[in-house]
Amino acid sequence: MTYDYDLIVIGAGSGGVRAARISAGYGAKVAVIEGDRPGGTCVIRGCVPKKLLMYGAAFSADAEDARRFGWIVGVKEHNWSNLIAAKNSELVRLEGIYRSLLKNAGAELIEGFATVTGTNHIIVNDQELTAERILIAVGAAPQLLDTPGMAEHAITSNEALDLETFPEEIVIYGSGYIALEFAGIFNGFGAKTHLVYRSDLPLRGFDSDIRSEIATALEGRGVILHPEKTISAIEGNGDKKHISLSDGTVITASQVMAATGRSPNTAGLGLAETGVAMGGRGEVIVDENACTSVTSIYAVGDVTDRINLTPVAIAEGHAFADKIYGGINRIASHDNVASAVFSQPPIACIGLNEHEARAKYAGITVFESRFRAMKNTISGRAEKSYMKLVVETASDRVVGVHMMGSDSGEIMQGIAIAVKMGATKADFDATIGIHPTAAEEFVTMRSPRL
Ligand code: NDP
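Quick notes on the rules
- Residues numbered from 1 in each chain as written.
- Predicted model: local features only at pLDDT ≥ 70, side-chain atom pairs only at ≥ 80, totals over all residues.
- Heavy atoms only, no water.
- Patch = residues over 30% accessible without salt bridge, like charges linked within 9 Å, V, L, I, M, F, W, Y side chains within 5 Å.
- Areas by Shrake-Rupley, 256 points an atom, 1.4 Å probe, with all protein chains shown as cover.
- Salt bridge = Lys/Arg side-chain N within 4 Å of Asp/Glu carboxyl O.
- Buried < 20%, exposed > 50% of the residue type's maximum accessible area, 1.4 Å probe, protein only.
- Phe/Tyr/Trp six-rings, centres within 6.5 Å; stacked < 30°, edge-to-face > 60°.
- Helix = DSSP H or I, 4+ residues; strand = E, 2+ residues; numbered from the N terminus.
- Lys NZ or Arg CZ within 6 Å of the ring centre and 35° of its normal.
- Pairing = 2+ DSSP bridges.
- Axes fitted to C-alpha atoms, helices over the stretch in contact; angles between N-to-C directions.
- Parallel < 35°, antiparallel > 145°, perpendicular 65-115°, else oblique.
- Left-handed = near helix turned anticlockwise from the far one by under 90°.
- Contact = heavy atoms within 4.5 Å.
- Disulfide = S-S within 2.5 Å.
- Nonpolar A, V, L, I, M, F, W, Y, C, P; charged D, E, K, R; others polar.

Visitor: I'd like a rundown of a nonpolar patch on the surface, residues and numbers included.
Guide: A surface patch of nonpolar side chains, about 360 Å² in accessible area, is lined by Phe-69, Trp-71 and Ile-378. Accessibility expressed as a relative area gives 63% for Trp-71, which makes it exposed.

Visitor: Just give me the short version of the packing of aromatic side chains, but keep the residues and values in it.
Guide: On inspection of all chains with the given rule, the structure shows nine aromatic pairs. Seen from their ring centres, Phe-166 and Phe-189 are 6.1 Å apart, and the 80° between their planes marks the pair as edge-to-face. With Phe-166 in the loop between α6 (157-160) and β8 (169-173) and Phe-189 in the loop between α7 (177-188) and β9 (192-196), this residue pair connects regions lying 23 residues apart in the sequence. Assessed through its relative accessible area of 22%, Phe-166 is described here as partly exposed. Ring pairs connect the aromatic residues Trp-80, Phe-166, Phe-182, Phe-186 and Phe-189, which therefore count as one cluster. Lying over the aromatic face of Tyr-5, Lys-29 brings its terminal NZ or CZ to 5.0 Å of the ring centre. Here the basic side chain of Lys-425 rests over the ring of Phe-367, its NZ or CZ set 4.2 Å away from the ring centre.

Visitor: Let's hear about the sheet that holds strand β12 (residues 240-245): which residues, and what values?
Guide: The strands that make up a sheet are held in pairs by hydrogen bonds between backbone atoms, and each pair lies either parallel or antiparallel. Strand order across the open sheet formed by three strands is β11-β12-β13, with antiparallel pairing between neighbours. Lying at the two open borders of the sheet, with one neighbouring strand each, are β11 (231-237) and β13 (250-253). Neighbour to neighbour, the strand axes of the sheet diverge by 20° on average, direction disregarded. The pairing of β11 with β12 spans six bridges and is classified as antiparallel. Opposite Ala-233, over in β12, you have Ser-244 as the bridge partner.

Visitor: Explain the packing of helix α1 (residues 14-25) against helix α9 (residues 310-325) residue by residue, including any values.
Guide: Between α1 and α9, the least distance of the axes is 7 Å, while the angle of their chain directions is 25°. When the interaxial angle is binned, α1 and α9 end up roughly parallel. Handedness of the α1/α9 crossing: right-handed. Taken together, the residues of α9 that come into contact with α1 (itself represented by Ser-14, Gly-15, Arg-18, Ala-19, Ile-22 and Ser-23) are Thr-310, Ala-313, Ile-314, Gly-317, His-318, Phe-320, Ala-321, Asp-322 and Tyr-325.

Visitor: Explain the state of the cysteines residue by residue, including any values.
Guide: A complete count under the given rule lists zero disulfides for this structure. Left unpaired, Cys-349 is separated from the closest cysteine sulfur, that of Cys-47, by 16 Å. Its relative accessible area of 13% is what places Cys-349 among the buried residues.

Visitor: How would you summarise the packing of α1 against helix α4 (residues 80-105) if you had to cite specific residues and measurements?
Guide: One can describe the packing of α1 onto α4 by two numbers: an axis separation of 8 Å at closest approach and a directional angle of 20°. One finds that α1 runs roughly parallel with respect to α4. Note on packing geometry: the crossing formed by α1 with α4 is left-handed. Between α1 and α4, the contacting residues are Ser-14, Val-17, Ala-20, Arg-21, Ala-24 and Gly-25 on the first element and Tyr-98, Leu-101, Leu-102 and Ala-105 on the second. A per-class count over the contact of α1 with α4 returns seven nonpolar, two polar and one charged.

Visitor: Provide a residue-level description of the pattern of salt bridges, including the pertinent values.
Guide: In this structure the tally under the stated criterion is 26 salt bridges. Note that Asp-65 is salt-bridged to Arg-381, the shortest N-O span being 3.0 Å. Here Arg-381 lies in the loop between α11 (374-379) and β20 (385-392) and Asp-65 lies in helix α3 (residues 47-68), a separation of 316 residues in the sequence. Of the two residues, Asp-65 and Arg-381, neither departs from the other in class, the shared state being buried. The structure contains a network of salt bridges with shared partners spanning Asp-207, Asp-209, Glu-354, Arg-358, Glu-368, Lys-388 and Arg-449.

The structure is reproduced here in C-alpha coordinates:
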(Lines give C-alpha, C1' and ligand atoms only; values in the text may rest on other atoms or scores of the structure.)
Protein backbone atom coordinates (compact mmCIF):
# COMPACT_ATOMS: atom_id res chain seq x y z
CA MET A 1 0.00 0.00 0.00
CA THR A 2 1.38 3.41 -0.88
CA TYR A 3 0.36 6.58 0.91
CA ASP A 4 0.58 10.27 0.12
CA TYR A 5 2.69 10.80 3.25
CA ASP A 6 4.56 8.77 5.82
CA LEU A 7 3.07 10.96 8.54
CA ILE A 8 0.19 13.41 8.73
CA VAL A 9 0.21 15.52 11.89
CA ILE A 10 -3.07 17.21 12.76
CA GLY A 11 -2.32 20.35 14.77
CA ALA A 12 0.66 22.73 14.44
CA GLY A 13 1.04 23.44 18.15
CA SER A 14 4.03 22.66 20.33
CA GLY A 15 3.71 18.85 20.28
CA GLY A 16 2.70 18.53 16.63
CA VAL A 17 5.41 20.83 15.27
CA ARG A 18 8.14 19.08 17.28
CA ALA A 19 6.97 15.65 16.10
CA ALA A 20 6.76 16.85 12.49
CA ARG A 21 10.19 18.51 12.45
CA ILE A 22 12.03 15.61 14.03
CA SER A 23 10.23 13.02 11.89
CA ALA A 24 11.01 14.97 8.71
CA GLY A 25 14.61 15.26 9.89
CA TYR A 26 14.79 11.47 9.95
CA GLY A 27 13.63 11.43 6.34
CA ALA A 28 9.87 10.94 6.73
CA LYS A 29 7.53 12.65 4.26
CA VAL A 30 5.40 14.77 6.57
CA ALA A 31 2.34 17.01 6.24
CA VAL A 32 1.08 19.16 9.11
CA ILE A 33 -2.53 20.33 9.02
CA GLU A 34 -3.56 23.41 10.98
CA GLY A 35 -6.90 25.17 10.94
CA ASP A 36 -5.72 28.20 12.88
CA ARG A 37 -2.37 29.95 13.23
CA PRO A 38 0.73 27.73 13.49
CA GLY A 39 2.11 27.84 17.03
CA GLY A 40 -0.97 26.47 18.76
CA THR A 41 -2.25 27.27 22.21
CA CYS A 42 1.11 28.00 23.81
CA VAL A 43 2.35 30.48 21.25
CA ILE A 44 -0.87 32.07 20.01
CA ARG A 45 -3.32 32.04 22.94
CA GLY A 46 -1.56 30.65 25.99
CA CYS A 47 1.88 30.63 27.58
CA VAL A 48 3.51 33.31 25.44
CA PRO A 49 0.87 36.08 25.27
CA LYS A 50 -0.09 35.36 28.89
CA LYS A 51 3.49 35.81 30.04
CA LEU A 52 3.92 39.00 28.02
CA LEU A 53 0.84 40.48 29.72
CA MET A 54 2.08 39.19 33.06
CA TYR A 55 5.40 41.00 32.60
CA GLY A 56 3.44 44.15 31.82
CA ALA A 57 1.20 43.77 34.88
CA ALA A 58 4.13 43.23 37.24
CA PHE A 59 5.42 46.78 36.64
CA SER A 60 2.65 48.23 38.79
CA ALA A 61 3.90 46.44 41.92
CA ASP A 62 7.50 47.28 40.94
CA ALA A 63 6.55 50.95 40.68
CA GLU A 64 5.00 50.86 44.17
CA ASP A 65 8.07 49.11 45.57
CA ALA A 66 10.36 51.64 43.88
CA ARG A 67 9.15 54.53 46.07
CA ARG A 68 10.88 53.31 49.20
CA PHE A 69 14.04 52.83 47.16
CA GLY A 70 14.04 56.55 46.56
CA TRP A 71 12.29 56.76 43.21
CA ILE A 72 9.81 59.53 42.77
CA VAL A 73 7.10 57.72 40.88
CA GLY A 74 4.65 59.86 38.98
CA VAL A 75 1.06 59.12 38.02
CA LYS A 76 0.76 55.51 36.95
CA GLU A 77 -1.01 55.22 33.64
CA HIS A 78 -1.32 52.27 31.38
CA ASN A 79 -2.31 52.08 27.74
CA TRP A 80 -3.89 48.67 27.24
CA SER A 81 -4.23 48.98 23.44
CA ASN A 82 -0.51 49.70 23.07
CA LEU A 83 0.33 46.58 25.03
CA ILE A 84 -2.09 44.41 23.03
CA ALA A 85 -0.62 45.76 19.79
CA ALA A 86 2.95 45.04 20.97
CA LYS A 87 1.93 41.57 22.09
CA ASN A 88 0.23 40.91 18.74
CA SER A 89 3.27 41.89 16.73
CA GLU A 90 5.41 39.55 18.82
CA LEU A 91 2.93 36.74 18.08
CA VAL A 92 3.17 37.46 14.34
CA ARG A 93 6.95 37.13 14.64
CA LEU A 94 6.66 33.83 16.52
CA GLU A 95 4.07 32.45 14.11
CA GLY A 96 6.53 33.19 11.30
CA ILE A 97 9.23 31.28 13.17
CA TYR A 98 6.91 28.28 13.51
CA ARG A 99 6.14 28.37 9.79
CA SER A 100 9.88 28.53 9.00
CA LEU A 101 10.68 25.71 11.39
CA LEU A 102 8.33 23.42 9.49
CA LYS A 103 9.49 24.61 6.07
CA ASN A 104 13.17 24.29 6.92
CA ALA A 105 12.60 20.80 8.26
CA GLY A 106 10.93 19.82 4.97
CA ALA A 107 7.44 19.32 6.45
CA GLU A 108 4.53 20.62 4.37
CA LEU A 109 2.02 22.91 6.12
CA ILE A 110 -1.56 22.54 4.91
CA GLU A 111 -3.99 25.16 6.23
CA GLY A 112 -7.48 23.86 6.96
CA PHE A 113 -9.41 21.73 9.41
CA ALA A 114 -8.92 17.98 9.05
CA THR A 115 -11.33 15.14 9.71
CA VAL A 116 -10.11 11.61 10.19
CA THR A 117 -12.07 9.35 7.85
CA GLY A 118 -10.19 6.07 8.24
CA THR A 119 -7.21 4.46 9.90
CA ASN A 120 -4.91 6.04 7.27
CA HIS A 121 -7.20 8.67 5.75
CA ILE A 122 -8.09 12.24 6.45
CA ILE A 123 -10.03 14.91 4.59
CA VAL A 124 -8.90 18.53 4.53
CA ASN A 125 -10.25 21.30 2.30
CA ASP A 126 -12.47 18.65 0.59
CA GLN A 127 -9.41 16.66 -0.40
CA GLU A 128 -8.62 13.16 0.82
CA LEU A 129 -5.05 12.47 1.92
CA THR A 130 -3.51 9.23 3.11
CA ALA A 131 -0.62 8.49 5.44
CA GLU A 132 1.00 5.45 6.95
CA ARG A 133 0.58 7.13 10.33
CA ILE A 134 -1.57 9.95 11.66
CA LEU A 135 -0.57 11.95 14.74
CA ILE A 136 -3.33 13.79 16.59
CA ALA A 137 -1.96 16.93 18.26
CA VAL A 138 -5.03 19.17 18.30
CA GLY A 139 -4.77 20.31 21.92
CA ALA A 140 -7.64 21.50 24.10
CA ALA A 141 -9.93 24.50 24.42
CA PRO A 142 -11.56 26.34 27.33
CA GLN A 143 -14.67 24.66 28.66
CA LEU A 144 -17.69 26.66 29.78
CA LEU A 145 -20.05 25.37 32.46
CA ASP A 146 -23.74 25.34 31.57
CA THR A 147 -24.56 27.97 34.22
CA PRO A 148 -27.32 30.33 33.00
CA GLY A 149 -25.77 33.27 31.17
CA MET A 150 -22.23 31.81 31.09
CA ALA A 151 -22.11 31.13 27.35
CA GLU A 152 -23.58 34.55 26.47
CA HIS A 153 -21.61 36.71 28.88
CA ALA A 154 -18.35 35.05 29.93
CA ILE A 155 -15.07 35.39 28.12
CA THR A 156 -12.33 32.77 28.37
CA SER A 157 -8.55 33.10 28.31
CA ASN A 158 -8.77 33.26 24.49
CA GLU A 159 -10.70 36.55 24.53
CA ALA A 160 -9.01 37.87 27.68
CA LEU A 161 -5.74 38.07 25.77
CA ASP A 162 -7.30 40.27 23.11
CA LEU A 163 -9.79 42.54 24.88
CA GLU A 164 -10.33 45.84 23.11
CA THR A 165 -11.17 47.63 26.33
CA PHE A 166 -9.56 47.00 29.68
CA PRO A 167 -12.20 46.07 32.29
CA GLU A 168 -12.53 48.22 35.38
CA GLU A 169 -13.88 45.29 37.37
CA ILE A 170 -13.68 41.60 36.51
CA VAL A 171 -14.91 38.37 38.05
CA ILE A 172 -12.73 35.34 37.34
CA TYR A 173 -14.32 31.94 37.88
CA GLY A 174 -12.08 29.06 38.98
CA SER A 175 -8.82 28.87 40.90
CA GLY A 176 -6.54 26.78 38.71
CA TYR A 177 -3.48 27.86 36.74
CA ILE A 178 -5.38 30.08 34.31
CA ALA A 179 -7.61 31.77 36.89
CA LEU A 180 -4.66 32.71 39.09
CA GLU A 181 -2.48 33.89 36.24
CA PHE A 182 -5.21 36.15 34.84
CA ALA A 183 -6.12 37.41 38.30
CA GLY A 184 -2.51 38.61 38.53
CA ILE A 185 -2.71 40.24 35.10
CA PHE A 186 -6.00 42.09 35.60
CA ASN A 187 -5.23 43.05 39.19
CA GLY A 188 -1.74 44.22 38.21
CA PHE A 189 -3.14 46.54 35.55
CA GLY A 190 -5.56 48.01 38.06
CA ALA A 191 -8.86 46.20 37.56
CA LYS A 192 -10.90 45.45 40.67
CA THR A 193 -10.47 41.68 40.48
CA HIS A 194 -12.67 39.03 42.07
CA LEU A 195 -11.77 35.33 42.20
CA VAL A 196 -14.76 33.03 42.69
CA TYR A 197 -14.00 29.35 43.38
CA ARG A 198 -15.75 26.37 44.85
CA SER A 199 -12.96 25.02 47.06
CA ASP A 200 -11.74 26.50 50.34
CA LEU A 201 -8.36 27.44 48.86
CA PRO A 202 -7.08 28.09 45.31
CA LEU A 203 -5.07 25.57 43.28
CA ARG A 204 -6.56 22.22 44.20
CA GLY A 205 -3.89 19.52 43.92
CA PHE A 206 -1.03 21.78 44.99
CA ASP A 207 0.69 21.56 48.36
CA SER A 208 -1.71 22.73 51.07
CA ASP A 209 0.77 25.26 52.52
CA ILE A 210 1.32 26.76 49.07
CA ARG A 211 -2.46 27.00 48.68
CA SER A 212 -2.92 28.96 51.88
CA GLU A 213 0.14 31.13 51.23
CA ILE A 214 -1.10 32.14 47.78
CA ALA A 215 -4.56 32.96 49.15
CA THR A 216 -2.96 35.31 51.67
CA ALA A 217 -0.65 36.82 49.03
CA LEU A 218 -3.46 37.39 46.52
CA GLU A 219 -5.53 39.17 49.16
CA GLY A 220 -2.45 41.18 50.12
CA ARG A 221 -2.21 42.37 46.52
CA GLY A 222 -5.87 43.38 46.47
CA VAL A 223 -7.58 40.44 44.75
CA ILE A 224 -11.02 39.89 46.31
CA LEU A 225 -11.42 36.20 47.12
CA HIS A 226 -14.78 34.42 47.15
CA PRO A 227 -13.92 30.88 48.33
CA GLU A 228 -16.50 28.08 48.57
CA LYS A 229 -18.80 29.87 46.12
CA THR A 230 -20.05 29.07 42.68
CA ILE A 231 -21.61 31.32 40.06
CA SER A 232 -25.31 30.54 39.81
CA ALA A 233 -26.24 32.94 37.00
CA ILE A 234 -24.96 35.83 34.92
CA GLU A 235 -27.20 38.51 33.48
CA GLY A 236 -26.02 41.13 31.08
CA ASN A 237 -26.98 44.71 30.61
CA GLY A 238 -24.77 46.50 28.10
CA ASP A 239 -21.24 46.51 29.43
CA LYS A 240 -22.44 45.70 32.96
CA LYS A 241 -22.74 42.06 33.91
CA HIS A 242 -24.50 40.98 37.08
CA ILE A 243 -22.90 37.85 38.48
CA SER A 244 -24.95 36.00 41.10
CA LEU A 245 -23.01 33.81 43.51
CA SER A 246 -24.30 30.75 45.38
CA ASP A 247 -24.54 32.71 48.67
CA GLY A 248 -26.85 35.29 47.11
CA THR A 249 -24.16 37.96 46.57
CA VAL A 250 -24.45 39.79 43.25
CA ILE A 251 -21.32 41.38 41.80
CA THR A 252 -21.70 43.91 39.00
CA ALA A 253 -18.62 43.91 36.82
CA SER A 254 -17.60 44.87 33.31
CA GLN A 255 -16.27 41.40 32.51
CA VAL A 256 -16.58 37.84 33.73
CA MET A 257 -13.98 35.30 32.74
CA ALA A 258 -14.47 31.53 32.96
CA ALA A 259 -11.30 29.63 33.85
CA THR A 260 -12.99 26.38 34.74
CA GLY A 261 -10.78 23.93 32.88
CA ARG A 262 -10.12 22.90 29.31
CA SER A 263 -11.47 20.04 27.16
CA PRO A 264 -9.69 18.08 24.41
CA ASN A 265 -10.45 19.42 20.92
CA THR A 266 -11.81 16.17 19.53
CA ALA A 267 -15.43 17.03 18.70
CA GLY A 268 -16.10 16.37 15.02
CA LEU A 269 -12.60 15.02 14.39
CA GLY A 270 -13.90 11.57 13.43
CA LEU A 271 -11.72 9.64 15.86
CA ALA A 272 -14.38 7.59 17.63
CA GLU A 273 -15.94 6.70 14.24
CA THR A 274 -12.53 5.41 13.16
CA GLY A 275 -12.33 3.16 16.22
CA VAL A 276 -9.98 5.25 18.36
CA ALA A 277 -10.72 4.65 22.06
CA MET A 278 -11.69 7.90 23.79
CA GLY A 279 -12.18 8.83 27.44
CA GLY A 280 -15.24 10.45 28.97
CA ARG A 281 -13.89 13.97 28.53
CA GLY A 282 -13.22 13.44 24.82
CA GLU A 283 -9.54 12.71 25.41
CA VAL A 284 -7.64 10.32 23.18
CA ILE A 285 -6.42 7.30 25.13
CA VAL A 286 -2.80 6.43 24.37
CA ASP A 287 -0.14 4.05 25.65
CA GLU A 288 3.33 5.15 26.77
CA ASN A 289 4.42 5.27 23.11
CA ALA A 290 1.62 7.72 22.24
CA CYS A 291 -0.18 4.99 20.27
CA THR A 292 -3.97 4.88 20.34
CA SER A 293 -6.17 1.76 20.09
CA VAL A 294 -5.76 2.08 16.29
CA THR A 295 -2.15 1.14 15.55
CA SER A 296 -1.67 3.71 12.76
CA ILE A 297 -3.01 6.62 14.85
CA TYR A 298 -1.02 8.33 17.60
CA ALA A 299 -1.67 11.33 19.85
CA VAL A 300 0.44 13.73 21.93
CA GLY A 301 -0.16 16.73 24.14
CA ASP A 302 -3.30 18.18 25.74
CA VAL A 303 -5.62 16.12 23.52
CA THR A 304 -4.58 13.12 25.63
CA ASP A 305 -5.44 15.05 28.85
CA ARG A 306 -2.63 13.68 31.01
CA ILE A 307 -0.07 16.34 31.99
CA ASN A 308 -1.29 19.38 30.06
CA LEU A 309 1.92 21.35 29.79
CA THR A 310 3.72 22.56 26.66
CA PRO A 311 7.11 21.00 27.48
CA VAL A 312 5.39 17.65 28.09
CA ALA A 313 3.69 17.81 24.68
CA ILE A 314 7.06 18.66 23.10
CA ALA A 315 8.74 15.75 24.89
CA GLU A 316 5.96 13.39 23.76
CA GLY A 317 6.17 14.60 20.15
CA HIS A 318 9.96 14.25 20.12
CA ALA A 319 9.90 10.77 21.67
CA PHE A 320 7.28 9.67 19.12
CA ALA A 321 9.49 10.84 16.21
CA ASP A 322 12.65 9.32 17.70
CA LYS A 323 10.99 5.97 18.22
CA ILE A 324 9.06 5.67 14.95
CA TYR A 325 11.44 7.32 12.49
CA GLY A 326 14.77 7.50 14.33
CA GLY A 327 14.97 3.95 15.63
CA ILE A 328 15.59 5.22 19.16
CA ASN A 329 13.50 3.29 21.64
CA ARG A 330 12.47 5.83 24.23
CA ILE A 331 9.39 7.22 25.91
CA ALA A 332 8.62 10.68 27.30
CA SER A 333 8.91 10.48 31.08
CA HIS A 334 5.95 11.79 33.04
CA ASP A 335 7.78 11.45 36.36
CA ASN A 336 8.84 14.51 38.31
CA VAL A 337 7.61 17.13 35.86
CA ALA A 338 8.17 20.58 37.32
CA SER A 339 5.67 23.35 36.64
CA ALA A 340 5.03 26.96 37.53
CA VAL A 341 1.91 29.03 37.99
CA PHE A 342 2.70 32.56 36.82
CA SER A 343 0.49 34.15 39.41
CA GLN A 344 1.70 37.23 41.25
CA PRO A 345 3.61 36.14 43.26
CA PRO A 346 4.48 33.07 41.19
CA ILE A 347 4.47 29.47 42.37
CA ALA A 348 6.57 26.55 41.23
CA CYS A 349 6.90 22.95 42.28
CA ILE A 350 8.25 19.55 41.43
CA GLY A 351 7.41 16.12 42.78
CA LEU A 352 4.95 15.19 45.49
CA ASN A 353 3.10 17.56 47.74
CA GLU A 354 3.26 16.84 51.46
CA HIS A 355 -0.10 15.08 51.48
CA GLU A 356 0.83 12.78 48.57
CA ALA A 357 4.22 12.01 50.11
CA ARG A 358 2.63 11.06 53.44
CA ALA A 359 0.29 8.66 51.62
CA LYS A 360 3.14 7.11 49.61
CA TYR A 361 5.98 6.76 52.15
CA ALA A 362 6.17 5.32 55.68
CA GLY A 363 7.89 8.45 56.94
CA ILE A 364 8.55 11.89 55.57
CA THR A 365 10.37 14.91 56.95
CA VAL A 366 9.35 18.42 56.01
CA PHE A 367 11.62 21.44 55.92
CA GLU A 368 10.12 24.85 55.31
CA SER A 369 11.02 28.48 55.27
CA ARG A 370 8.70 31.47 55.33
CA PHE A 371 10.45 34.79 55.04
CA ARG A 372 10.14 38.34 53.85
CA ALA A 373 12.30 38.70 50.77
CA MET A 374 15.14 41.21 51.19
CA LYS A 375 13.63 43.52 48.57
CA ASN A 376 10.42 43.68 50.61
CA THR A 377 12.17 44.92 53.74
CA ILE A 378 12.88 48.32 52.21
CA SER A 379 9.88 48.41 49.90
CA GLY A 380 7.61 47.84 52.87
CA ARG A 381 5.69 45.09 51.12
CA ALA A 382 4.45 42.67 53.78
CA GLU A 383 4.27 39.71 51.39
CA LYS A 384 6.15 36.58 52.46
CA SER A 385 7.91 34.00 50.32
CA TYR A 386 7.45 30.33 51.16
CA MET A 387 9.61 27.29 50.42
CA LYS A 388 9.17 23.66 51.33
CA LEU A 389 11.24 20.51 50.92
CA VAL A 390 9.48 17.16 51.35
CA VAL A 391 12.00 14.39 52.14
CA GLU A 392 11.45 10.64 52.38
CA THR A 393 12.95 9.97 55.79
CA ALA A 394 14.28 6.43 55.15
CA SER A 395 16.18 7.25 51.93
CA ASP A 396 16.80 10.97 52.66
CA ARG A 397 15.63 11.58 49.07
CA VAL A 398 13.97 14.91 48.29
CA VAL A 399 10.61 13.88 46.80
CA GLY A 400 8.89 17.25 46.61
CA VAL A 401 9.93 20.90 46.37
CA HIS A 402 7.47 23.78 46.51
CA MET A 403 7.92 27.52 46.36
CA MET A 404 5.85 30.68 46.26
CA GLY A 405 7.80 33.84 45.69
CA SER A 406 9.67 35.94 43.13
CA ASP A 407 11.37 33.99 40.37
CA SER A 408 10.11 30.66 41.69
CA GLY A 409 9.74 29.30 38.13
CA GLU A 410 13.33 30.22 37.33
CA ILE A 411 14.60 28.75 40.60
CA MET A 412 12.63 25.51 40.31
CA GLN A 413 14.09 24.62 36.92
CA GLY A 414 17.52 24.06 38.47
CA ILE A 415 16.08 22.27 41.51
CA ALA A 416 14.15 20.01 39.10
CA ILE A 417 17.42 18.62 37.71
CA ALA A 418 18.55 17.69 41.22
CA VAL A 419 15.23 16.04 42.07
CA LYS A 420 15.13 14.18 38.76
CA MET A 421 18.62 12.85 39.54
CA GLY A 422 17.43 11.59 42.94
CA ALA A 423 19.18 14.18 45.13
CA THR A 424 19.05 13.64 48.88
CA LYS A 425 18.61 16.25 51.57
CA ALA A 426 22.31 15.68 52.36
CA ASP A 427 23.11 16.69 48.75
CA PHE A 428 21.09 19.88 49.20
CA ASP A 429 22.93 20.53 52.51
CA ALA A 430 26.33 19.96 50.88
CA THR A 431 25.56 22.64 48.30
CA ILE A 432 26.83 26.07 49.20
CA GLY A 433 24.28 28.81 48.74
CA ILE A 434 24.57 31.84 46.50
CA HIS A 435 24.30 34.83 48.79
CA PRO A 436 22.22 36.91 49.02
CA THR A 437 19.45 35.17 47.11
CA ALA A 438 16.09 33.72 48.03
CA ALA A 439 17.06 30.43 46.37
CA GLU A 440 19.83 29.81 48.91
CA GLU A 441 17.10 28.99 51.45
CA PHE A 442 16.71 25.66 49.66
CA VAL A 443 20.22 24.63 50.72
CA THR A 444 20.20 26.12 54.20
CA MET A 445 17.10 24.59 55.80
CA ARG A 446 18.60 22.81 58.82
CA SER A 447 15.74 21.95 61.16
CA PRO A 448 12.78 19.83 60.18
CA ARG A 449 9.30 21.14 60.86
CA LEU A 450 7.99 19.57 64.06
P1 NDP B 1 -7.46 23.77 36.05
O2 NDP B 1 -7.89 22.36 35.94
O3 NDP B 1 -6.10 24.08 36.57
O4 NDP B 1 -8.51 24.59 36.93
C5 NDP B 1 -9.88 24.51 36.67
C6 NDP B 1 -10.63 25.32 37.71
O7 NDP B 1 -12.01 25.26 37.40
C8 NDP B 1 -10.47 24.76 39.12
O9 NDP B 1 -10.39 25.81 40.04
C10 NDP B 1 -11.76 23.97 39.29
O11 NDP B 1 -12.20 23.87 40.61
C12 NDP B 1 -12.74 24.83 38.52
N13 NDP B 1 -13.90 24.07 38.11
C14 NDP B 1 -13.93 23.00 37.27
N15 NDP B 1 -15.20 22.56 37.14
C16 NDP B 1 -15.97 23.35 37.91
C17 NDP B 1 -17.35 23.37 38.21
N18 NDP B 1 -18.20 22.49 37.68
N19 NDP B 1 -17.81 24.32 39.05
C20 NDP B 1 -16.96 25.22 39.61
N21 NDP B 1 -15.63 25.24 39.37
C22 NDP B 1 -15.14 24.31 38.53
O23 NDP B 1 -7.70 24.36 34.60
P24 NDP B 1 -7.19 25.67 33.88
O25 NDP B 1 -8.24 25.95 32.89
O26 NDP B 1 -6.79 26.70 34.85
O27 NDP B 1 -5.88 25.14 33.15
C28 NDP B 1 -5.94 23.99 32.33
C29 NDP B 1 -4.60 23.32 32.31
O30 NDP B 1 -3.73 24.06 31.47
C31 NDP B 1 -3.89 23.28 33.65
O32 NDP B 1 -4.27 22.19 34.42
C33 NDP B 1 -2.46 23.20 33.25
O34 NDP B 1 -2.15 21.85 33.03
C35 NDP B 1 -2.42 23.98 31.96
N36 NDP B 1 -1.88 25.32 32.16
C37 NDP B 1 -0.59 25.46 32.58
C38 NDP B 1 -0.05 26.69 32.79
C39 NDP B 1 1.35 26.80 33.26
O40 NDP B 1 2.09 25.84 33.12
N41 NDP B 1 1.75 27.92 33.84
C42 NDP B 1 -0.82 27.92 32.56
C43 NDP B 1 -2.17 27.67 32.15
C44 NDP B 1 -2.66 26.42 31.96
P45 NDP B 1 -11.64 22.72 41.61
O46 NDP B 1 -10.22 23.05 41.87
O47 NDP B 1 -12.52 22.85 42.78
O48 NDP B 1 -11.81 21.44 40.87
